[in-house]
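Understanding the architecture of this molecule
Here are the chains, one letter per residue:
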Amino acid sequence: AMIVSHQARPSNDNGFLLLEALIVLMILAMSASIAAPLLQRSRPGDDVRAKAIEVSGLLKAARSVARKSSRTQLISYSVPARRLTWTQGAKAVVVPATMSLRLVDGSGLPTAKSSNQPGASQSGIRFLRDGSSNSATIQLRSAGRTATLTTDWLTGETRLRVAN
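The following paragraphs examine the structure supplied in this document. All values derive from a computational prediction rather than experimental measurement. (Residues numbered from 1 in each chain as written. Predicted model: local features only at pLDDT ≥ 70, side-chain atom pairs only at ≥ 80, totals over all residues. Heavy atoms only, no water.)

**Section: the overall build of the protein**
Helix and strand content of the protein: two helices and eight strands. Counting helices and strands in the order they occur from the N terminus, the protein gives α-α-β-β-β-β-β-β-β-β. When burial is assessed residue by residue, the protein has 30% of its 164 residues classed as buried. In the protein, once contacts between residues fewer than 6 apart in sequence are set aside, the share between residues at least 24 apart is 52%. When the accessible surface of the protein is totalled, it reaches about 11100 Å², and 56% of it is carbon and sulfur. (Helix = DSSP H or I, 4+ residues; strand = E, 2+ residues; numbered from the N terminus. Buried < 20%, exposed > 50% of the residue type's maximum accessible area, 1.4 Å probe, protein only. Contact = heavy atoms within 4.5 Å. Areas by Shrake-Rupley, 256 points an atom, 1.4 Å probe, with all protein chains shown as cover.)

Structural data, given as structure tokens:
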């Protein structure tokens, strides 16, 4: 009779199985997806930067159309509606009640229609067909943060600066 003996192979428990590694990676991915929104909470004043970027986009679009169409473009500000409107482009940016807006002309004086003056109704920034503008500064303030948008009178270019 033949005797067959089965020798046990030496166990090799020094590594991980592919399945175990995938399970660990899935748990880490789920944890990261839950933690990411908690870590990205907005800080006070972040809304000022976001609104300033939106206004900057409106100004840049109006300047671009003025140059391409050779027609003057107007961005007007309505105090009662708290709205910057591009009349030709039919686009608007609404300024929330928690934020103040101040529009200053190139001379450094507040326009007659600043949002801080109750009886005022409308003012604006003009972009001429060569791309130049009437030079103005828009200041947005909220939660101790200020965003300043400046349009250069000669080139009409818009610059954004955010300060705490």
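**Describing a nonpolar patch on the surface**
Taken together, the side chains of Leu17, Leu19, Ile23, Ile27 and Met30 make up a nonpolar region of the molecular surface, amounting to roughly 520 Å² of accessible area. Since its relative accessible area comes to 58%, leucine 19 is described here as exposed. (Patch = residues over 30% accessible without salt bridge, like charges linked within 9 Å, V, L, I, M, F, W, Y side chains within 5 Å. Salt bridge = Lys/Arg side-chain N within 4 Å of Asp/Glu carboxyl O.)

**Focus: the pairing of strand E2 (residues 83-86)**
By the alternation rule, side chains of E2 split into Leu84 and Trp86, which are all buried, and Arg83 and Thr85, of which none is buried. Here four bridges tie strand E1 (residues 73-78) to E2, and the two strands are oriented antiparallel to one another. The partner of tyrosine 77 across the bridge, within E2, is leucine 84. Hairpin connection from E1 to E2: four residues lie between these consecutive antiparallel strands, with arginine 82 at a positive phi of about 50 degrees. The pairing of E2 with strand E3 (residues 91-94) spans four bridges and is antiparallel. Of the residues in E3, the one forming a bridge with threonine 85 is alanine 92. (Pairing = 2+ DSSP bridges.)

**Description of helix H2 (residues 46-69)**
Across its 24 residues, H2 extends 35 Å between first and last C-alpha, which sits within 8% of the 34 Å expected from 1.5 Å per residue. Those residues of H2 that fall on the buried side of the exposure criterion are Val48, Lys51, Ala52, Val55, Ser56, Leu58, Leu59, Ala62, Arg63 and Ala66. Just past H2, the residue serine 70 takes up positive phi, approximately 55 degrees. (Expected span 1.5 Å × (residues − 1).)

**Let's talk about the nonpolar core**
Among soluble globular proteins, nonpolar side chains are generally buried collectively. In this structure, Val55, Ile75, Leu84, Leu101, Ile138 and Leu140 are the most contacted members of the largest nonpolar core, which totals 24 residues. Elements represented by at least two residues in this core include exactly H2, E1, E2, strand E4 (100-105), strand E5 (122-127), strand E6 (136-142) and strand E7 (145-151). With seven residues, H2 is the largest single contributor of residues to this core. In this structure, valine 55 is in contact with Leu84, Val93, Ile138, Leu140 and Leu149, ignoring residues within four places of it in sequence. (Core = buried A, V, L, I, M, F, W, Y, C linked by side-chain atoms within 4.5 Å.)

**Re the sheet that holds strand E8 (residues 158-163)**
Strand pairs in the sheet, formed through backbone hydrogen bonds, run parallel or antiparallel to each other. What the four strands build is an open sheet, ordered E4-E6-E7-E8; its pairing is antiparallel. The sheet terminates laterally at E4 and E8, the two strands that pair on one side only. Recorded for the sheet is a direction-independent mean angle of 15 degrees between the axes of neighbouring strands. Bridge count between E7 and E8: six bridges; the pairing is antiparallel. What sits directly across from threonine 148, in E8, is arginine 161. (Axes fitted to C-alpha atoms, helices over the stretch in contact; angles between N-to-C directions.)

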